[in-house]
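# Structural overview
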Amino acid sequence: LKEVLREKGIPYTEEKDYVRYIQVSVYRFDERKGGNFAVEKPASVGFHMHLMEGKVVGRTFEFDETQKPLLNNLLEFGKFVNRGAKWVTAKQLAKEGLEKGVNSFSDLLEVDTFKEVLKN
């Protein structure tokens with residue numbers, strides 16, 4: 001998460017006195033069994049992200065994905081190409097999910113509108 005935030009230019013700190021923060025709860029992180037081009041078992045990652053202000057959940061994001069062979073779903077051809085046309089590791093899959101999650105929160109992380117969203 002720290003790496004993804006840094007890449008997007010969003011400040012990161014481990015100090016505990018911040019009111020707004022992102023909480024990540026990982027419930028599955030299964031590494032692939034096999035190599036880049038052939039696997040016995042694909043990587044699988046599942047987690048929830050919560051954008052918090054104090055103890056209030058302002059927005060949530062869920063990522064739950066197990067990489068599938070291209071032939072199982074040709075509609076995911078774009079994902080296949082973006083992943084380098086190979087089987088990814090659980091770490092790579094998790095980073096993809098974290099990027100999507102941070103993107104879904106970016107309007108609130110970059111602009112001080114979090115309290116307005118909570119009121120609505």
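About the cut-offs
Residues numbered from 1 in each chain as written. Predicted model: local features only at pLDDT ≥ 70, side-chain atom pairs only at ≥ 80, totals over all residues. Heavy atoms only, no water. Helix = DSSP H or I, 4+ residues; strand = E, 2+ residues; numbered from the N terminus. Buried < 20%, exposed > 50% of the residue type's maximum accessible area, 1.4 Å probe, protein only. Contact = heavy atoms within 4.5 Å. pLDDT = per-residue confidence, 0-100. Salt bridge = Lys/Arg side-chain N within 4 Å of Asp/Glu carboxyl O. Pairing = 2+ DSSP bridges. Axes fitted to C-alpha atoms, helices over the stretch in contact; angles between N-to-C directions.

### Notes on the overall build of the protein
The helix and strand inventory of the protein stands at four helices and five strands. Along the protein, from the amino end to the carboxyl end, the secondary structure elements read α-β-β-β-β-β-α-α-α. Counting over 120 residues, the protein shows a buried share of 28%. Counting contacts in the protein only where the partners sit at least 6 residues apart, residues at least 24 apart contribute 60% of the total.

### Concerning the confidence of the model for the protein
Chain-level pLDDT for the protein is 81 on average; 82% of the residues reach the 70-or-more range. Every residue in residues 111–120 is under pLDDT 50, and counting partners more than four places away or in other chains gives 16 contacts.

### Structural notes on the pattern of salt bridges
This model, assessed by the stated rule, comprises four salt bridges. A salt bridge links Glu7 to Lys95, with the nearest nitrogen and oxygen atoms 3.0 Å apart. Taken together, the residues Glu7 in helix H1 (residues 2–7) and Lys95 in helix H3 (residues 90–110) connect sequence positions 88 residues apart. Under the relative-accessibility criterion, Lys95 is labelled partly exposed at 27%. It is possible to trace a salt-bridge network through shared partners that takes in Glu3, Glu7 and Lys95.

### Description of the sheet that holds strand S5 (residues 56–66)
One open sheet accounts for three strands, arranged S1-S4-S5; its pairing is antiparallel. Bordering the open sheet on either side are strand S1 (20–30) and S5, each of which pairs with just one other strand. Ignoring strand direction, the axes of neighbouring strands in this sheet form an average angle of 10°.

### A look at the side chain of Glu65
Residue position: Glu65 is located in strand S5. A relative accessible area of 11% means that Glu65 is categorised as buried. Excluding its chain neighbours within four sequence positions, the residues that come into contact with Glu65 are Arg28, Ala43, Ser44, Val45, Lys79, Arg83, Leu93 and Glu96.

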